[in-house]
Amino acid sequence: MNQAKPFDIPKREVWEAFKSVKANQGAAGVDGQSIQDFESRLAGNLYKLWNRLSSGSYQPPPVRQVDIPKANGGTRPLGIPTVADRIAQEVVRRYLEPLLEPVFHADSYGYRPGRSAVDALRSARQRCWRYDWILDLDIKGFFDSIDWELLLRAVRKHTECRWVLLYIERWLRVPAMLEDGSLVLRERGTPQGGVVSPILANLFLHYAFDVWIGRRFPGVPFERYADDIISHCRSEREALTLRRALDRRFADCGLVLHPEKTKVVYCKDTNRKGEYPNCQFDFLGYTFRPRRAKWRGELYGLSFLPAASPKALKAIRQAIRGWSLQTRSDKALDDLARMFNPYIRGWINYYSHFYKSELYPTLRRIDAFLVRWARRKFKRLRQRPKVARAWLARVIRSSPDLFAHWPLLYGQGLNTGSRMS
């Protein structure tokens, strides 16, 4: 063995890891170096990183901590590694993924190849039709609570690779640097924002929850997307029993269920009688609750269905307001479509899978701002809001695909006038 290079890490792996990091982009870490800066001396930077990884001398720098707002108020700390450190973590993630993917549970959906949040939502919707109750789990500060020794024990169960274990342990112990330059040391947890953190978090919950529930409650199916978990129960009693058992299980693993946010929910529909205080829950940006739906033939009734959540729709409306469309009178309509269609398509692609009509009123707000834009841009429309709406309706009829939401709202541009008024 080469004493100077005790670890056999192929250079090709570092190159592939860089390509992945570049594709995902991301902000600069504590060194202020962007991906473009790193790429300006690409060969030298990649060689230096490979050299240090292979020799065992690589020491991860602190992560840059930024606080991002949470949907329910407050903030969540996000740890941003440097570009070089993201590449190093990607090397380890690429090593671990083929080992862990065959082991992970079929109902674990988060941060896994070939699986998505929509897959988890689709499974949850179907099971809510078959099971009357769910336990909606909320783990308090999950990423900040992961026990290092338990996590490393789980990693060792699947690999004895010395450099993988060495660097994972170093990443776990890396401090966070605040904006004032001070360092925050940690004794547990893995930083949200790290490239390797999602697969480590999945591995931790695989043993803390997935394997455990299959052994202790084999008749309770679930969907898990990272630490967002929904468990399906046949009765309220079963759901309450599961919650008490999970309090004890998670305590053994160093985790705590949020006492207010963890709740038992009744999946009420036309065929399920009885009144209960909790008949809705949020999961992955959707709210599941009783909704009017068309059944077989021409019958209508209540089904327990998901639709874009009020929080998600509020966030979309805030984003639309932030575009300040009405002030961009220097832009042509085509320019505005090019600028904002990627966002609109993203919302439609995610939130139109289930009960898409819930999305319509929020998307119509874009057209309201476009009318205000037209009134500022064209003098003849300035004092004539009805004429401006008629003008936009004609544009929709003549170019129904210009904005990504128009085909969804107006079909082929017919009858737009009545829908916009």
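### Topic: the overall build of the protein chain
A count of helical and extended segments in the protein chain gives 16 helices and 11 strands. With respect to the principal axes defined by its C-alpha atoms, the protein chain has extents near 80 × 60 × 40 Å. The long-range share in the protein chain, meaning contacts at least 24 apart out of those at least 6 apart in sequence, stands at 67%. For the protein chain, the accessible surface area stands at approximately 21,100 Å², while carbon and sulfur atoms represent 49% of it. Charge centroids of the protein chain, computed over 72 positive and 43 negative side chains, lie 8 Å from each other.

### Observations concerning the sheet that holds strand β11 (residues 300-308)
Read across the sheet, 3 strands follow the order β9-β10-β11 without closing on themselves; strand pairing throughout is antiparallel. Each edge of the open sheet is held by one strand with a lone partner, namely β9 (281-283) and β11. Recorded for the sheet is a direction-independent mean angle of 50 degrees between the axes of neighbouring strands. Across 9 bridges, strand β10 (residues 286-294) lies against β11 in antiparallel orientation. The partner of K294 across the bridge, within β11, is Y300.

### Describing the pairing of strand β6 (residues 222-225)
On β6, burial covers both faces: F222 and R224 on one face and E223 and Y225 on the other are all buried. Pairing between β6 and strand β7 (residues 228-233): 4 bridges, direction antiparallel. For R224, the partnering residue across the bridge sits in β7 and is I229.

### Quick word on the nonpolar core
Among the nonpolar cores identified, the biggest contains 70 residues, and I87, F142, W163, I168, F209, L242 and L246 are the most heavily contacted of them. Broken down by element, this core gets its largest block of residues, 10 residues, from helix α9 (residues 197-216). Aside from chain neighbours lying at most four places away, what touches W163 is F7, D8, I9, V91, V92 and Y95.

Rules and cut-offs
Residues numbered from 1 in each chain as written. Predicted model: local features only at pLDDT ≥ 70, side-chain atom pairs only at ≥ 80, totals over all residues. Heavy atoms only, no water. Helix = DSSP H or I, 4+ residues; strand = E, 2+ residues; numbered from the N terminus. Contact = heavy atoms within 4.5 Å. Areas by Shrake-Rupley, 256 points an atom, 1.4 Å probe, with all protein chains shown as cover. Lys, Arg positive; Asp, Glu negative; His and termini not counted. Charge placed at Lys NZ, Arg CZ, Asp CG, Glu CD. Pairing = 2+ DSSP bridges. Axes fitted to C-alpha atoms, helices over the stretch in contact; angles between N-to-C directions. Buried < 20%, exposed > 50% of the residue type's maximum accessible area, 1.4 Å probe, protein only. Core = buried A, V, L, I, M, F, W, Y, C linked by side-chain atoms within 4.5 Å.

Any link to function would need more than the numbers given here.
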